[in-house]
Amino acid sequence: MPSDSPASRPLDGSRQALLQLLAELCALAGQDAAAPPVLELQLGAVVTRATVGAGPGGDCLHISVRLPRSPPSAYAAQARHSIGGDGFDCMWHADEGCHIVVRRMALAAFRDERSVMDAMLDTADLAQAWQAGMLLDQPAAC
């Protein structure tokens, strides 16, 4: 018997389907499903946020990852370390002293809730690995 739970309901790649899924996930997480909904997840020391927005090739799932605080020298090191792949942007949040990694993915890439959640987890993992590699390349503090 088919289930109507978000995990088993297929997505059709449309903006409306992903917005509805994000709104349902926000409600399950006890978060306000604003318009557009923004799903926020705390994954260890990082915070991820996912929403639907415009991208260069049309509507995209925007996933942002707020990484833990870094030393100020990490801002300069950012230019030497690429996170790799299209759809990624890395920014320095000067007020918070941390990096924010943003990934944009075409809506057609998502077929169900699991693929959305996997993208959020994968993005967080890639961002943390990028930060770890960058910090390992930093000169030792005097």
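Above: the structure in question.
Residues numbered from 1 in each chain as written. Predicted model: local features only at pLDDT ≥ 70, side-chain atom pairs only at ≥ 80, totals over all residues. Heavy atoms only, no water.

### Digging into the overall build of the protein
Then, in step 1: The helix and strand tally for the protein stands at 3 helices and 5 strands.
Then, in step 2: If you list the helices and strands of the protein from N to C, you get α-β-β-β-α-β-β-α.
Then, in step 3: A total of 142 residues make up the protein; the buried ones form 39% of that total.
Then, in step 4: For the protein, the share of sequence-separated contacts (at least 6 apart) that also reach a separation of at least 24 residues comes to 55%. (Helix = DSSP H or I, 4+ residues; strand = E, 2+ residues; numbered from the N terminus. Buried < 20%, exposed > 50% of the residue type's maximum accessible area, 1.4 Å probe, protein only. Contact = heavy atoms within 4.5 Å.)

### Describing empty space enclosed by the protein
Then, in step 1: Scanning all chains against the criterion turns up 1 cavity of 30 Å³ or more.
Then, in step 2: Considered as a void within the structure, the largest cavity measures approximately 40 Å³ in volume.
Then, in step 3: Forming the boundary of the largest cavity are Leu-11, Asp-12, Gly-13, Ser-14, Ala-17, Leu-18, Leu-107 and Phe-110. (1 Å grid on protein atoms, 1.4 Å probe; cavity = no way out; pocket = protein on both sides within 12 Å on 5 of 7 lines; lining within 4 Å. Points joined across faces, edges and corners; volume = space filled by probe spheres on them.)

### Here's the deal with the nonpolar core
Then, in step 1: Ranked by size, the top nonpolar core spans 20 residues in total, and within it Leu-11, Leu-18, Leu-39, Leu-61, Ile-63, Phe-110 and Val-116 carry the most contacts.
Then, in step 2: At the level of elements, helix H1 (15-28), strand S1 (39-43), strand S2 (46-55), strand S3 (58-69) and helix H3 (113-136) are the ones that each hand at least two residues to this core.
Then, in step 3: Counting residues per element, this core draws most heavily on H1, at 7 residues.
Then, in step 4: Filtering out sequence-adjacent residues up to four positions away, Leu-11 remains in contact with Ala-17, Leu-18, Leu-21, Phe-110, Arg-111, Asp-112 and Val-116. (Core = buried A, V, L, I, M, F, W, Y, C linked by side-chain atoms within 4.5 Å.)

### Quick notes on the sheet that holds strand S5 (residues 98-106)
One key point about sheets: their strands pair by backbone hydrogen bonds, in either a parallel or an antiparallel sense.
Then, in step 1: The 5 strands lie next to each other as S1-S2-S3-S5-S4, forming an open sheet whose pairing is antiparallel. Each having just a single partner strand, S1 and strand S4 (88-93) make up the two edges of the open sheet. The sheet shows a mean angle of 25 degrees between the axes of neighbouring strands, taken without regard to direction.
Then, in step 2: Note: S4 against S5, 6 bridges, orientation antiparallel. Bridge pairing in S5 places Met-91 opposite Ile-100.
Then, in step 3: Along the sheet, H3 contacts S1, S2, S3, S4 and S5; its crossing angle with S3, the most-contacted strand, is approximately 45 degrees. (Pairing = 2+ DSSP bridges. Axes fitted to C-alpha atoms, helices over the stretch in contact; angles between N-to-C directions.)

### Re the packing of H1 against H3
Then, in step 1: Relative orientation of the contacting elements H1 and H3 amounts to 75 degrees, with a least axis distance of 11 Å. Relative to H3, the element H1 lies roughly perpendicular. Here H1 contributes Leu-18, Leu-21 and Leu-25 to the contact with H3, which in turn contributes Glu-113, Val-116 and Met-117.
Then, in step 2: Its residues placed into classes, the contact of H1 with H3 shows 5 nonpolar, no polar and 1 charged. (Parallel < 35°, antiparallel > 145°, perpendicular 65-115°, else oblique. Nonpolar A, V, L, I, M, F, W, Y, C, P; charged D, E, K, R; others polar.)

### A closer look at the environment of Thr-123
Then, in step 1: Mapped onto the elements, Thr-123 comes out in helix H3.
Then, in step 2: A sequence separation of 21 residues divides Thr-123 from Val-102, and the C-alpha atoms of the two residues are 8.5 Å apart.

### Focus: the side chain of Thr-51
Then, in step 1: Looking at the secondary structure, you find Thr-51 in strand S2.
Then, in step 2: Here the side chain of Thr-51 touches Pro-37 through a polar contact of 2.9 Å, landing on its backbone oxygen.
Then, in step 3: Those residues in contact with Thr-51 that lie beyond four places of it in its chain are Leu-22, Pro-36, Pro-37, Val-38, Cys-60, Leu-61 and His-62. (Polar contact = N/O pair within 3.5 Å; in protein donor to acceptor, adjacent residues only side chain to side chain.)

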